[in-house]
Amino acid sequence: MRISTDAPVLVTGATGYVAGWLVKELLEAGVTVHAAIRDPAATHRLSHLTAIAEKAPGEIRFFRADLLQPDSYEDAMQGCSVVFHTASPFTVTVRNPQKELVDPAVLGTRNVLETAVATPSVTRVVVTSSCAAIYTDAIDCRKAPGGVLTEDIWNTTASLAYQPYSYSKTLAEKEAWKIAHGQDRFRLVTVNPSLVIGPALAKKPTSESFNIVRQMGDGTMKQGAPKLGIGVVDVRDLARAHMAAGFSADAEGRHIISGHNTNILELGKSLIDKYGDRYPVPRKSLPKWIVWAVGPLVSGISRKFVTNNVDVKWRADNTKSRHALGMSYRPYKESMEDMFQQMIEAGAFRKQGYR
Ligand code: NAP
């Protein structure tokens, strides 16, 4: 793979957890990065990126843009060869899923890709989709051929009323393919990561990934954790996947980017060796009937979600990513330890008395 430094590239949502490591890879490869962000005045949210740029051969330029403002990516995209579209709200606590999730995901994707169609320099668009565009619940794996999710499968079970984040990612990726198929300016490549874990570059990460791992150290899971089937990938491995999707000549189509088929309990248990003596990390399995009875009251998860995910194996096939993008995946224990260590240092568990 040759990483071209001839033209700048655009990264949307450059303040994000996933985007941070991608921007780092690009700058260290000597690429000029046009970083599209909502609020360039919030310099404290950009300092990690400027610090990397100061030491790297590449250059970073910030542009103001919002997914919901038509044409607002025009300036940032001028002269760019590759567009990495990572911006999309990743949160599960919303009041108005249409407004807070679906609109920014879908209208934002349309906004960015239509600008790409109109920008002569753009030859490749990489959309950060998600495994959430492939499945909603671990139980969906059972309907997949051989019980394993592949790039051929689309999520048909999420809706505005049930798992709206997954619904937003499904609609957004479909919108991206619709636009891509109607033009011949650029090739669309999607990366579809499972749950992203590992350390953040920004001081105060907002990604939902941190809320999940926080519960493993703040006492929420001290009685145990559900065997909730899930896939995970390290954020640094995901950055390499984006690079290959953006610069490999032959990259095409969708790519499941997931290092491991696992569950929440196994992820928690990977912290025992290093942190088990000081933090209330989960050690045993919470029986499904308890999660079913109590989960909706204490953490707001629905009984349908418990039924469809707890004690249900999650399996996805990452073969295409390894062959087409040259991916290799680090062990999740390393990702979890690096993430947890960073959260300790940031005082994430101090309020609950764990230091
Ligand atoms: P994140 O840290 O919360 O990043 C989300 C980014 O989207 C932020 O930069 C945010 O900008 C931007 N954004 C949100 N609404 C916007 C709007 N209206 N206009 C412009 N920018 C907006 O979350 P993340 O985990 O890095 O997620 C990045 C991408 O990866 C998303 O597409 C997400 O769906 C995908 N993904 C994440 C995971 C995971 O486990 N983390 C798994 C699969 C896929 P502000 O900083 O201004 O809010």
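Within each chain, residue numbers correspond to sequence positions counted from 1 in written order. Since the coordinates come from a predicted model, pLDDT governs what is reported: local features require at least 70, and pairs of side-chain atoms require 80 or more to be given and counted, while whole-chain, interface and lining totals use all residues. To get the side-chain values, take all heavy atoms of the structure and skip hydrogens and water.

Draft legend 1. Summary view of the packing of helix H1 (residues 17-28) against helix H2 (residues 47-55). All axes here are fitted lines through C-alpha atoms, helices being fitted over the stretch that makes contact, and every angle between N-to-C directions spans 0 to 180 degrees. Under the DSSP-based scheme used, a helix requires at least four consecutive residues in state H or I and a strand at least two consecutive residues in state E, with every element numbered from the N terminus. At a closest axis distance of 9 Å, the pairing of H1 and H2 adopts a crossing angle of 15°. Here H2 runs roughly parallel to H1, going by the angle between their axes. Where H1 crosses over H2, the two elements pack in a sense that is right-handed. Judged by residue contacts, Gly 20, Val 23, Lys 24, Leu 27 and Glu 28 of H1 engage Leu 49, Ile 52 and Ala 53 from H2. Partitioned by chemical class, the residues of the contact of H1 with H2 number five nonpolar, one polar and two charged. Orientation is classified from the angle alone, with under 35 degrees giving roughly parallel, over 145 giving roughly antiparallel, 65 to 115 giving roughly perpendicular, and any other angle giving oblique. Helix crossings fall into two classes, left-handed where the near helix is turned counterclockwise from the far one by less than a right angle and right-handed where it is turned clockwise. Any two residues having at least one pair of non-hydrogen atoms within 4.5 Å are treated as being in contact. Three classes are used, and their members are as follows: Ala, Val, Leu, Ile, Met, Phe, Trp, Tyr, Cys and Pro are nonpolar, Asp, Glu, Lys and Arg are charged, and the others, Gly among them, are polar.

Draft legend 2. Expanded view of the site of the ligand. Around the ligand sit 27 residues in total, of which Thr 15, Arg 38, Arg 45, Tyr 165 and Ser 207 are the nearest. In protein, a polar contact requires one atom able to donate a hydrogen and another able to accept it; more generally it is a pair of N or O atoms within 3.5 Å, and residues adjacent in sequence count only if both atoms are side-chain atoms. With respect to the ligand, the side chain of Arg 45 contributes an N or O atom lying 2.8 Å from an oxygen atom. In the model, an oxygen atom of the ligand is placed 2.8 Å from a nitrogen or oxygen of the Thr 86 main chain. Protein contact buries 92% of the 890 Å² of open area that the ligand shows by itself. Looking at the shell around the ligand, the elements that each hand over two or more residues are H1, helix H5 (164-181) and strand E7 (195-197). For this purpose, a residue is taken to be near a molecule or strand whenever a single non-hydrogen atom of the residue falls within 4 Å of it. The protein chains shown are the only cover counted for residues, whose accessible areas, like all others here, come from Shrake-Rupley with a 1.4 Å probe.

Draft legend 3. Seen up close, the side chain of His 48. Topologically, His 48 is positioned in helix H2. Among all residues touching His 48, those that are not within four sequence positions of it are Thr 15, Leu 201 and Ala 202.

Draft legend 4. Inspection of the side chain of Ser 321 at higher detail. Along the chain, Ser 321 falls in helix H12 (residues 319-324). Here Ser 321 falls in the buried class, since its relative accessible area comes to 0%. Not counting chain neighbours up to four residues away, the residues in contact with Ser 321 comprise Ile 256, Ile 257, Gly 326, Met 327 and Tyr 329. Any residue under 20% of the maximum accessible area for its type is buried, any over 50% is exposed, and the rest in between are partly exposed; the area is computed with a 1.4 Å probe on protein chains only.

Draft legend 5. Focus on the pairing of strand E1 (residues 9-12). Of the two faces of E1, the one lined by Val 9 and Val 11 and the one lined by Leu 10 and Thr 12 are each fully buried. Any two strands are treated as partners once DSSP identifies two or more bridges connecting them. Where E1 meets strand E2 (residues 33-37), four bridges bridge the pair, whose relative direction is parallel. Bridged to Val 9 within E2 is Val 33. Running through H1, the crossover from E1 to the neighbouring parallel element E2 is right-handed. Of the pairings in the sheet, the one linking E1 to strand E4 (residues 82-85) comprises four bridges and is parallel in character. Paired with Leu 10 across the two strands is Val 83, which belongs to E4. By definition, the crossover connecting two strands over a helix is right-handed if that path, from the first strand to the second, turns clockwise as seen with the strands pointing away from the viewer.

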